[in-house]
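Geometric and topological summary
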Amino acid sequence: MSGEARSVTSEAGHNDDLVQRIGQLTRMLRESMRELGLDKEVEKAAEAIPDARARLNYVASMTEQAAERALNAVDRAQPLQDEMERGAQALDEKWQTWFQQPLEMDDARELVTETRHYLGSVPAMARNTSKELLEIMMAQDFQDLTGQVIKKMMEVIQEVERQLLQVLLESVPEGDEREAMRERMNNRTAEDARRREQAGLMNGPQIKPDGEDIVSSQDQVDDLLDELGF
Amino acid sequence: MDKGMSILVVDDFPTMRRIVRSLLKELGFTNVEEAEDGQEALTKLKGGGFDFVVSDWNMPNLDGLEMLKQIRADESMKSMPVLMVTAEAKKDNIVAAAQAGANGYIVKPFTAVTLEEKLNKIFEKLGK
C-alpha cells in the first residue's frame, strides 16, 4: 500500500494524469445521471436529511425533558418521605421511653398532642408524594410520542435507501445482480406507496409546533372545535 | 357521572395505555379495559358492555378515525361516546374527527387535568 503510494507521488506527471481522469469520470457520471433523471432522485434523498435531523432533535429533546421531569419529581418527593420517616421514628422512640418508665402524666399528655399533630400532617404529605408519582408516570408519555417519530424516521431512511438503490441500479451492468437489486427496489416501492396512501391524516407528533395548519396547544384544539360548533 | 362505567382504552403503545388507565383510576374510574388497535377495539365493543371509548388515532390494522366511523355506522353502538387522545395536531385532523362524530379531542402530550375536564364536558353534554 505505502509502496504504491510512493510510486504515485514519485511521478508528478502520472499524478496529474490521475486527477484529470477522476475529473473526467466525475463529469461523465454527473452527465449520465442527469440524462437518466437520477440527479432528481439523489436530490430527493438529500432533502430527506434535514427532516430526519429535525426528527432526531425532537426525540433528543423529548427524552431529555422526560428524564428531567421524572428526576425533579423524585427530588420533590424524597424530602416528604424522609420527613414522614423521621417524624414516625422520633415519636416511636419517645413512646418507647415512656412505656419503659411511665412517670409524669404531663409528659404523656404532651406526647399524645405531638402524636396527633404528626398524624394530622401525614395525609397531606402522602398526597403530595402521590402527586409526584403521578407526575413521574405522566413523564413516560415520551415513549409514545418519540416512538411515533422514530417510526417515521425509519420510513425516511427506507425512502433514502430506495432512491440510492435506484441510482446504483442504473449504474450496474445487466445481469443477475441487477435483477436482484431491481426486485429489492420494487418491494420497497410497493411498501412506500402503501404507506403514503395511508398517511394523509396520520403524521404523528408535530416536531415543529409553529408550522402552518397545526395546533400547538389543547386550548387551540378547543377553540377550533368551538368555532366549528362542536 | 357513573364512576363504575366500563371504559375501553385503545392505543397501540402499551405505555400510553398504562398512562391513560392510571389517570382514569386516579379520577375514580376502575372499570377499564384495553385494546391495541381499532380492529381489536371493534371486536370488544361488539361484544357489548362498554359505556365509553378513549382512543388514539394512528394505529396499525384499523386507525382511530376509521374505527370511529364504523362505530357511528353500527346501529348497536352508534351513540357510544368516543374521546380521541392523539398526537395528530393538524387542523384537518380535528375537523375530520369532529365530522366523524368524536365527542372530544385531546392532543398529546396532555395533562391529568385536561383529561378530567374533557370527560366532565362530554358527560355534561350527554346529560349523565
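Residues numbered from 1 in each chain as written. Chains lettered and ligands numbered in written order. Predicted model: local features only at pLDDT ≥ 70, side-chain atom pairs only at ≥ 80, totals over all residues. Heavy atoms only, no water.

1. Points about the overall build of chain A
The helix and strand tally for chain A stands at seven helices and zero strands. Scanning chain A from its N terminus toward the C terminus, one meets helices and strands in the order α-α-α-α-α-α-α. Taken over the C-alpha trace, chain A has a radius of gyration of 34 Å; the compact-globule value for 230 residues is 17 Å, which it surpasses by more than 25%. Projected onto its principal axes, the C-alpha coordinates of chain A cover approximately 110 × 70 × 35 Å. Considering only residue pairs separated by 6 or more positions, chain A has 73% of its internal contacts joining residues 24 or more positions apart. (Helix = DSSP H or I, 4+ residues; strand = E, 2+ residues; numbered from the N terminus. Rg over C-alpha atoms; globule rule 2.2 N^0.38 Å. Contact = heavy atoms within 4.5 Å.)

2. Considering the interface of chain A and chain B
Taken together, the contact between chain A and chain B spans 29 residues of the former and 38 residues of the latter. A combined buried area of about 2900 Å² lies between chain A and chain B, and 66% of that area is made up of carbon and sulfur atoms. On the surface where chain A and chain B come into contact, there are three salt bridges. Here Lys108(B) and Asp144(A) are joined by a salt bridge, their closest N and O atoms 2.5 Å apart. Run the count over chain A and chain B and you get ten residue pairs in polar contact (both at pLDDT 80 or more). Breaking the side of chain A that touches chain B down by element, the ones donating at least two residues are helix H4 (105-139), helix H5 (142-171) and helix H7 (218-227) of chain A. Taken together, the residues of the side of chain A that touches chain B sort by class into 14 nonpolar, nine polar and six charged. (Buried area = accessible area lost by both parts, 1.4 Å probe. Salt bridge = Lys/Arg side-chain N within 4 Å of Asp/Glu carboxyl O. Polar contact = N/O pair within 3.5 Å; in protein donor to acceptor, adjacent residues only side chain to side chain. Nonpolar A, V, L, I, M, F, W, Y, C, P; charged D, E, K, R; others polar.)

3. Side note on the UniProt feature "modified residue: 4-aspartylphosphate" (unreviewed entry) in chain B
Sequence positions flagged by UniProt for "modified residue: 4-aspartylphosphate" (unreviewed entry) are, in local numbering, Asp56(B). Looking at the element boundaries, Asp56(B) is found in the loop between strand E3 (52-55) and helix H3 (64-73). (UniProt positions renumbered as here; feature names shortened; annotations may be inferred.)

4. Some points on the pairing of strand E4 (residues 82-86) of chain B
Residue and element names in this part refer to chain B. The buried fraction of E4 amounts to five of the five residues, a majority that puts the element mostly inside the structure. Where E3 meets E4, three bridges bridge the pair, whose relative direction is parallel. Within the sheet, the bridge partner assigned to Ser55 lies in E4 and is Met84. What joins E3 to E4 is H3, and the crossover it makes is right-handed. Here E4 runs beside strand E5 (residues 104-107); their pairing, made up of four bridges, is parallel. When the sheet's bridge partners are listed, Thr86 is paired in E5 with Val107. You can see the chain leave E4, run along helix H4 (residues 91-100) and come back into E5, and the turn it takes is right-handed. (Buried < 20%, exposed > 50% of the residue type's maximum accessible area, 1.4 Å probe, protein only. Pairing = 2+ DSSP bridges. Right-handed = clockwise from strand over helix to strand, strands pointing away.)

5. Brief notes about the sheet that holds E4(B)
Residues and elements named next belong to chain B. Here we have five strands laid out as an open sheet, ordered E2-E1-E3-E4-E5, and parallel in their pairing. Of all strands in the sheet, those with a lone pairing partner are strand E2 (32-35) and E5, marking the two edges. For this sheet the average axis-to-axis angle between neighbouring strands, irrespective of direction, equals 20°. (Axes fitted to C-alpha atoms, helices over the stretch in contact; angles between N-to-C directions.)

6. Things to note about the environment of Gly49(B)
Among the structural elements, Gly49(B) can be located in the loop between helix H2 (38-46) and E3. Residues Gly49(B) and Phe29(B) lie 20 residues apart in sequence; the distance between their C-alpha atoms is 15 Å.

7. A word on empty space enclosed by the protein
Residue and element names in this part refer to chain B. One pass over the full model with this rule turns up one cavity of 30 Å³ or more. Taken as a whole, the largest cavity encloses approximately 40 Å³ of empty space. Every residue along the wall of the largest cavity is listed here: Val9, Val10, Asp11, Met16, Val20, Val54, Ser55, Asp56, Val85 and Lys108. Class assignment of the residues belonging to the lining of the largest cavity gives a composition of six nonpolar, one polar and three charged. (1 Å grid on protein atoms, 1.4 Å probe; cavity = no way out; pocket = protein on both sides within 12 Å on 5 of 7 lines; lining within 4 Å. Points joined across faces, edges and corners; volume = space filled by probe spheres on them.)

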